[in-house]
Amino acid sequence: MLTRRDFLATGAGAAALAARPVRALAQTPRRGGTLSIRAWDPPHFDVSLVHAYRTHVAISFTHSRLLRYRAGAAVKPGSLVIEGDLAESWTQPTDTTYVFKLRRGVRFHPRPPVNGRELTAEDVKFTFERMLTEAGSNASMYRAISKVEAVDRYTVRFTLSEPFAWFLDMMASPMAGAVVARECVEKWGDLKKAEAVIGTGPWMLESYRPNVSLTMVQHPGYFVAGLPYIDRVELSIDEDNASRMAAFLAGRYDLGWEFPGAINRTDWVQIKDRLRQTRPNLQTVEFASNVVNDLAMRTDQKPWSDVRVRQAVCLALDRKEIIEATLEGVGNVNGPLPAALTDWALPIDRLGEGAKFYRHDPAEARRLLAAAGYPSGFPASVCFNSYGSTVLVDTMQLVLKQLKAVGIDARLDQKEYGAYQATCRLGKFDSTVFGPLTPFLDPDNFLFGQYYTGEPRNRSHVKDPALDDLLVRQRRAMEVKARRDVINDIQRHLARQQYYVHVPSGLYVAVWDGALKNYAPNLGYDYGGRLVAAWLDR
């Protein structure tokens, strides 16, 4: 469901993007310059211990992973092709064994206590063993790992406890997997301090001013010869939307100020004509967002333990109104998986019996509430953080209004970002929580981590043995068709159960300065990866 001209940019925007790489790649890259973008203040810098875009975006500049997703002007948004990062090659001798050959001569940043030493297989071993033993929220991505061995200085072998079809995707994910140095953990106890941001990535963290800015400078010993081209990256922290808009209009940001280098459509509609005059060389492309906002509920407690109550909540939402009011009429209705994951997400009309709950039907919602024992509705609280997004605030207000229309009197429990991440984001709330899911790039992280019994990201406290069995089965299905069949069954089951109620997602309006060459936007947190081979023609 795109609506409004069925998304004109699907043709025009994609065609414009396709034309750019020819021009960009024909040019000789220029070295130097400073790139300026809007960023966010991290709750801390320990990428292994948090699912927070504010941390992951910053770390994408400073750290490397074994694998990565290909970037560059020729990469179409939504395309996720795995290639080597620290690993120059890899093999899979058995269903449960992966062997990675590391690049030689990869060096950490030349700062104490690591002092630019060479990265070895022991660093990879340490990184993943730490992630699996520390009390962190990223462990579910790697829980299948039973053993990590440094076979020799440049060879790492992972042995899994069972086949895990998504293993290489997890290695490439910018949400985790950044390889760290033991010395930093030994010196600081964890990697939360800015001083501990020492990786092998293309830039180094030169300075961090809390709630003001982060400055990245080129890593002189980066393992890809000649990269990065850009000397400095200035990341300005600005939580005021009017201020961000003014800064962009004045040319102070080279990328759109919202994630992932985009501008909210509501703001874009207001300023695009002015930008044609003041910044005529801006480049744009539109593509579906995989950021999904949902209402999580304490399904282990009344009233949310009753499936009829959860189905009533889904029926109460007027998704068309949300799209029109907050997304300028252009958006996708999400089922259990983000519609942006087009290879895996079932359209609403293919969700079987559960498809009917995605229509707007307040009368049926009230009937279900009455049948569940709540003819007059009930009060509820909603844990919430705005993430500095005006669209998220507007969406939350509409959800509250629509819930109240069927008798659920939901009141906001607003928390600051750090408190929200440490509590509600991990299922520590009284009634419900509303906010964005981490925009993962694979269906497993949207399913297993969010629904499997006992997982830290299982915010709704789901405990469903039949679902657990399906979640494990899709992980073990190495053949794509068999995996797709199981994932389709999971989506239909979830559409009936409504453990989380999802609202529509918009389409990104990605915007960048025309002087930025060999760049294309994409899904995910990997700002650094998308910029490492880009350059500034100014």
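Residues numbered from 1 in each chain as written. Predicted model: local features only at pLDDT ≥ 70, side-chain atom pairs only at ≥ 80, totals over all residues. Heavy atoms only, no water.

## Details of the overall build of the protein
Within the protein one finds 16 helices and 20 strands. Taking 2.2 N^0.38 as the reference for a compact globule, 538 residues should give roughly 24 Å; the C-alpha atoms of the protein span a radius of gyration of 23 Å, in line with that estimate. Here the C-alpha coordinates of the protein stretch approximately 65 × 60 × 40 Å along the principal axes. Counting only residues that meet the buried cut, the protein has 61% of its 538 residues in that class. If you take every contact in the protein between residues at least 6 apart in sequence, the share linking residues at least 24 apart comes to 72%. Of the accessible surface of the protein, which amounts to about 20,000 Å², a share of 49% is contributed by carbon and sulfur atoms. Computed over 68 positive and 60 negative side-chain charges, the inter-centroid distance for the protein is 2 Å. (Helix = DSSP H or I, 4+ residues; strand = E, 2+ residues; numbered from the N terminus. Rg over C-alpha atoms; globule rule 2.2 N^0.38 Å. Buried < 20%, exposed > 50% of the residue type's maximum accessible area, 1.4 Å probe, protein only. Contact = heavy atoms within 4.5 Å. Areas by Shrake-Rupley, 256 points an atom, 1.4 Å probe, with all protein chains shown as cover. Lys, Arg positive; Asp, Glu negative; His and termini not counted. Charge placed at Lys NZ, Arg CZ, Asp CG, Glu CD.)

## Some words on the sheet that holds strand β13 (residues 331–332)
Spatially, the three strands line up as an open sheet ordered β11-β18-β13, and their pairing is antiparallel. In this open sheet, the two edge strands, each paired with only one partner strand, are β11 (283–288) and β13. Relative to strand β18 (residues 505–512), β13 runs antiparallel, the two sharing two bridges. Paired with Gly331 across the bridge in β18 is Gly506. Each of β11 and β18 is contacted by helix α7 (residues 265–278), which is oriented at about 45 degrees to β18, the strand it contacts most. (Pairing = 2+ DSSP bridges. Axes fitted to C-alpha atoms, helices over the stretch in contact; angles between N-to-C directions.)

## Here's the deal with the sheet that holds strand β9 (residues 213–218)
The strand order β1-β10-β9-β8 describes an open sheet built from four strands, whose pairing is mixed. The open sheet has two edge strands with one neighbour each: β1 (34–39) and β8 (203–209). The mean angle between the axes of side-by-side strands here comes to 20 degrees, regardless of whether they run parallel or antiparallel. As judged from the six bridges shared by β8 and β9, these two strands associate in the antiparallel manner. If you follow Trp203 over to β9, its bridge partner there is Gln218.

## Digging into the confidence of the model for the protein
Here the protein averages 93 in pLDDT, and 95% of its residues register 70 or above. Within the model, the stretch residues 3–25 combines pLDDT values under 50 with 35 contacts to residues more than four positions away or in other chains. (pLDDT = per-residue confidence, 0-100.)

## A word on the packing of helix α9 (residues 319–326) against helix α11 (residues 390–404)
The geometry of α9 relative to α11 is characterised by a closest axis approach of 10 Å and an angle of 150 degrees between their N-to-C directions. Here α9 lies roughly antiparallel to α11, going by the angle between them. Where α9 crosses over α11, the handedness of that crossing is right-handed. Contact residues: Glu321, Ile322, Ala325 and Thr326 in α9; Val391, Asp394, Thr395, Leu398, Val399, Lys401 and Gln402 in α11. Each residue belonging to the contact of α9 with α11 can be placed in one class, and the counts come to five nonpolar, three polar and three charged. (Parallel < 35°, antiparallel > 145°, perpendicular 65-115°, else oblique. Left-handed = near helix turned anticlockwise from the far one by under 90°. Nonpolar A, V, L, I, M, F, W, Y, C, P; charged D, E, K, R; others polar.)

## Description of the nonpolar core
Note on soluble globular proteins: their nonpolar side chains tend to be buried together. In terms of nonpolar packing, the biggest core is built from 156 residues, with Phe61, Leu66, Phe128, Phe158, Met171 and Leu516 touching the most fellow members. The residues touching Phe61, leaving out its near neighbours within four places in the chain, are Ile37, Gly201, Pro202, Trp203, Met216, Val233, Leu235, Tyr527, Gly528 and Leu531. Grouped together as the second largest cluster of nonpolar side chains are 13 residues, Phe248, Trp268, Leu282 and Val511 included. (Core = buried A, V, L, I, M, F, W, Y, C linked by side-chain atoms within 4.5 Å.)

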